[in-house]
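Summary of structural features
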Amino acid sequence: MTTARHSMVRWGLWCALVVALASPQALAAAAKRKDSGPAKPSVVVREVEGDARQRQAPFLEVALDTGSGGTVGDAPARPPLARLTLGGTTTWRNFCARPGVKSCGEYDRLPANERLGDTVSYASSVPYLGISAELELLPLANSESLLRGLGLSLGYRRGYSSTNVALVSDAGRSTTREAVATDSVLTAQALYRYFFGMGEANAPLGHAGLRAGLLTRAFDVDASSSSPLTGTHRLFPAVGLEVSVPLLRWVRLEGAGQFFLSPKPGKGLGAGSAALDAEVSDYGTSVSSFGWEAELGVGGDNIWGPFGYSVRFRLSRFQDTFSGAGTKLGWDEGGVAAETYSSLHWGITASY
């Protein structure tokens, strides 16, 4: 009896010990001891509607600004500081020279017995294929002042072709010869652009602007081809307008026009003084010239990272009116020459 009672007492003491160890104070002590061990990541608990609690694991958000004139998150769009365009060109050239008239069309409408003197007609049977590069710099694009639109544009284009030239004498005899020629263009112009938004704060920007500077255009004919066609070399100032309107996220409509100020032939780079003088003396003693250029195209930036595209059609026109006697037959009272370039330019752009 006594033994059974002692066993029951011992069993009661063991139960009391277990309950004591499982009490909140014991659990708190155990938790405190665990806190001294290695730290473990915790969760963030925040109050939500209805006194419910939602656990959120910690996360890290990274935003990368490529500097390509785009946006990061909801930041306002900005124009690029620089844009480089590399690509190709396809150019067709037409040239005509007629004595004693104000336009080539006027001469061609004359009766056959009144068409006297040497005339030159040239049309590209094969387009001039070449390369092009253009660099635009807007160093103040990140500022908030009106000066953010000031910039500089530098361009280079060069195309090559082999085609036929027809020379018609006053006796009606026609001579056709092959001519190997190059078409080269250099530009250096100052820019000013006014930027405007199109809806949302981070939508692509459009702009309207002015440009002014110097252009040089040289059409060189290989002297070894013995072609009757002479080249033209021009160096002249130009002023113009441009506009760019975003249509979609990666598509914008672009247009521009320029007026050439006295783009007389016989001035420029790449030919000797005798060849430059012949560009005027063949047709008269003096010349007055005017010209213009218009272009229309589409483009887009940040299609893949900083890279985009540009496709444009450009039409350039020059007209030269000569006075005095030239060295060509029938050019005793001057005449007219007209030069037209129709070109397609395409390329890949890189913006920053």
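The rules we used
Residues numbered from 1 in each chain as written. Predicted model: local features only at pLDDT ≥ 70, side-chain atom pairs only at ≥ 80, totals over all residues. Heavy atoms only, no water. Helix = DSSP H or I, 4+ residues; strand = E, 2+ residues; numbered from the N terminus. Buried < 20%, exposed > 50% of the residue type's maximum accessible area, 1.4 Å probe, protein only. Contact = heavy atoms within 4.5 Å. pLDDT = per-residue confidence, 0-100. Core = buried A, V, L, I, M, F, W, Y, C linked by side-chain atoms within 4.5 Å. Pairing = 2+ DSSP bridges. Arc of directions from axis to C-beta. Phe/Tyr/Trp six-rings, centres within 6.5 Å; stacked < 30°, edge-to-face > 60°. Lys NZ or Arg CZ within 6 Å of the ring centre and 35° of its normal. Disulfide = S-S within 2.5 Å. 1 Å grid on protein atoms, 1.4 Å probe; cavity = no way out; pocket = protein on both sides within 12 Å on 5 of 7 lines; lining within 4 Å. Points joined across faces, edges and corners; volume = space filled by probe spheres on them. Nonpolar A, V, L, I, M, F, W, Y, C, P; charged D, E, K, R; others polar.

For the protein chain, the helix and strand inventory stands at 4 helices and 13 strands. The buried share of the protein chain, taken over its 352 residues, is 37%. Of the contacts formed within the protein chain by residues at least 6 apart in sequence, a portion of 67% connects residues at least 24 apart.

So, on to the confidence of the model for the protein chain. The pLDDT averaged across the protein chain works out to 80; a share of 70% of its residues lies at or above 70. Confidence over residues 1–6 falls short of pLDDT 50; this stretch has 0 contacts with residues more than four positions distant or in other chains. Between residues 16–68, whose pLDDT stays under 50, and residues either more than four places distant or in other chains, the model counts 32 contacts.

Quick look at the nonpolar core now. Of all hydrophobic cores here, the largest spans 19 residues; its most connected members are Phe95, Ala97, Phe219, Phe260, Tyr283 and Phe322. At the level of elements, strand E3 (82–99), strand E4 (119–123), strand E8 (206–221), strand E9 (232–248), strand E12 (307–323) and strand E13 (335–351) are the ones that each hand at least two residues to this core.

With 9 bridges connecting them, strand E10 (residues 251–260) and strand E11 (residues 286–304) associate as antiparallel partners. By the bridge assignment, leucine 253 is partnered in E11 with valine 298. Bridge count between E11 and E12: 16 bridges; the pairing is antiparallel. Residue pairing across strands places glycine 291 opposite phenylalanine 318, the latter belonging to E12.

Within the sequence span of helix H4 (residues 273–281), burial applies to Leu276, Glu279 and Val280. Along the axis of H4, the buried positions cluster into a sector of 90°, meaning they face one direction only.

Now for unusual backbone geometry. For serine 262, which is not a glycine, the phi torsion comes out positive at approximately 50°. A positive phi angle, near 55°, is found at asparagine 302, a position not held by glycine. Here asparagine 302 shows up in strand E11.

On to the packing of aromatic side chains. Applying the stated criterion to the full structure yields 10 aromatic pairs. Measuring from ring centre to ring centre gives 6.0 Å for tyrosine 128 and phenylalanine 219, while their planes differ by 70°; the resulting arrangement is edge-to-face. Here tyrosine 128 is found in strand E5 (residues 128–137), whereas its partner phenylalanine 219 is found in strand E8, with 91 residues between them in sequence. Pairing phenylalanine 236 with phenylalanine 260 gives two aromatic rings, centres 4.8 Å apart and planes at 55°, and the pair type is tilted. Of this pair, phenylalanine 236 sits in strand E9 while phenylalanine 260 sits in strand E10; the two residues are 24 residues apart in sequence, bridging distant segments of the chain. Grouping residues by exposure puts phenylalanine 236 and phenylalanine 260 together as buried. Of the aromatic side chains, those joined through ring pairs into one cluster are Phe236, Phe260, Phe318 and Tyr341. The ring of phenylalanine 219 carries arginine 93 above its face, with NZ or CZ at 3.5 Å from the centroid. The positively charged end of arginine 217 is found above the aromatic ring belonging to tyrosine 341, 3.6 Å away from the centroid.

What follows concerns the state of the cysteines. Per the stated rule, a full pass over the model turns up 1 disulfide. Here cysteine 96 engages in a disulfide with cysteine 104; their sulfurs sit 1.9 Å apart. Here the disulfide of cysteine 96 and cysteine 104 is right-handed, its torsion about the S-S bond being about 95°. For cysteine 104, a relative accessible area of 10% puts it in the buried group.

Using the criterion set out here, one finds 3 cavities of 30 Å³ or more in the structure. Size it by volume and the largest cavity reaches roughly 60 Å³. What lines the largest cavity is Phe95, Thr230, Gly231, Thr232, Arg234, Pro265, Glu279, Tyr283, Asp320, Phe322 and Ala337. Elements represented by at least two residues in the lining of the largest cavity include exactly E9 and E12. By residue class, the composition of the lining of the largest cavity is 5 nonpolar, 3 polar and 3 charged. Quantified by volume, the second largest cavity comes out at close to 50 Å³. In terms of lining, the second largest cavity is formed by Thr89, Thr91, Arg157, Arg158, Gly159, Asp183, Val185, Arg217, Ser343 and His345. The set of elements that each furnish at least two residues to the lining of the second largest cavity consists of E3, strand E6 (150–168), strand E7 (174–196) and E13. The leading source of residues in the lining of the second largest cavity is E6, at 3 residues.

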